[in-house]
Amino acid sequence: MTMPPLLELRAISRRFGGLQALEDVSFGLQEGEIFGLIGPNGAGKTTLFNIITGVTRPSGGQVLWKQTGIEGLPPHRIHRLGLARTFQNLRLFESLSCLDNVQVGLGRSDRRRALELLALFGLQARAAEAAGGLAYGDRRRLEMARALASAPQLLLLDEPAAGLNPGEKQELSALIRRLAAELHLTVLIIEHHVPLMMQLCDRLAVLNFGRLIALGRPDAVRHDPLVIEAYLGGAGGAGGAGGAGGATEDPS
Ligand SMILES: Nc1ncnc2c1ncn2[C@@H]1O[C@H](COP(=O)(O)OP(=O)(O)OP(=O)(O)O)[C@@H](O)[C@H]1O
Ligand SMILES: [Mg+2]
């Protein structure tokens, strides 16, 4: 018997002026899944994150969290329900210490918990250092630590491996798996590095020009002709450089 999804998107669409950024996108996440969202630049991935987290309203469709509609709620209400995210362009308080950045996420001064979270990401020695002075990979990890401070059930990661070197990408992938298991997290992750996603994710959804073109287990998605077409150019490859093997490293 299948459980109802933890998060379900039903026929989500979003228009920006004349641009249909998302059209009729439907899929669900089961509790405990590591679920990947891939697609060429401009496909609508971040827009979907913004809709789930309340930053952007959908033009149509529903977002169900534990079978209750949450579309249109403000971001802080959605956050309180147990959804936390990181941003494609990092949003740290650069002049604050690492410890304080995590404590901001906690919403209270729980120094011990903040230090535990830093330790999970190998950042305990950096606790007193300003976030802005960290190496890029460390800043990415710090943002994840801060997102986890609210003890979310669903963690949304928007290109957490962008700008990391191959070794760091592998480490991050292992860390995400470990965290998901230890903290009983469901993870929705956007990432351009397709081989990494194939290895990390239980299931993948592929967006192209705002439409869901494939959904399923990595080995099935990898061989889907529409996915190959979208990634390897053809008419569908808007910015398809983010394709198989290649990575779009622009952390904007
Ligand atoms: N606030 C906005 N106003 C107007 N257009 C927008 C807005 N946000 C996104 N778009 C457009 O919607 C489309 C989807 O953008 P989105 O950022 O969701 O893509 P993405 O899949 O995350 O791409 P990338 O891989 O480059 O991060 C793009 O054409 C983008 O320019
Ligand atoms: Mg994006």
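Some details on the coordination of the magnesium ion (ligand 2)
And step 1. The protein atoms donating to the magnesium ion (ligand 2) are Thr46 (OG1) and Gln88 (OE1), with metal-donor distances spanning 2.0 to 2.2 Å. Taken together, the positions of threonine 46 in helix α1 (residues 45-52) and glutamine 88 in the loop between β6 (83-85) and α3 (98-106) put the pair 42 residues apart, joining distant regions of the chain.
And step 2. A relative accessible area of 25% means that threonine 46 is categorised as partly exposed.
And step 3. Relative accessible area serves as the criterion here: at 16%, glutamine 88 is assigned to the buried category.

Some details on the domain arrangement of the chain
And step 1. Split into domains, the chain comes out as domain 1 (7-82 + 152-242) and domain 2 (93-150).
And step 2. Each of domain 1 and domain 2 has a C-alpha centre, and the two are 25 Å apart.
And step 3. At the junction of the two partners, domain 1 supplies 19 residues and domain 2 supplies ten residues.
And step 4. Roughly 1,200 Å² is buried in total at the junction of domain 1 and domain 2, and carbon and sulfur atoms are behind 71% of that figure.
And step 5. Between the two partners, domain 1 and domain 2, sit zero salt bridges.
And step 6. Only β7 (154-158) and α6 (166-182) provide two or more residues apiece to the side of domain 1 that touches domain 2.

Thresholds, definitions, all that
- Residues numbered from 1 in each chain as written.
- Chains lettered and ligands numbered in written order.
- Predicted model: local features only at pLDDT ≥ 70, side-chain atom pairs only at ≥ 80, totals over all residues.
- Heavy atoms only, no water.
- Donors = N, O, S within 2.8 Å, 3.2 Å for Na, K, Ca; no water.
- Helix = DSSP H or I, 4+ residues; strand = E, 2+ residues; numbered from the N terminus.
- Buried < 20%, exposed > 50% of the residue type's maximum accessible area, 1.4 Å probe, protein only.
- Domains from an automatic or database assignment.
- Contact = heavy atoms within 4.5 Å.
- Buried area = accessible area lost by both parts, 1.4 Å probe.
- Salt bridge = Lys/Arg side-chain N within 4 Å of Asp/Glu carboxyl O.

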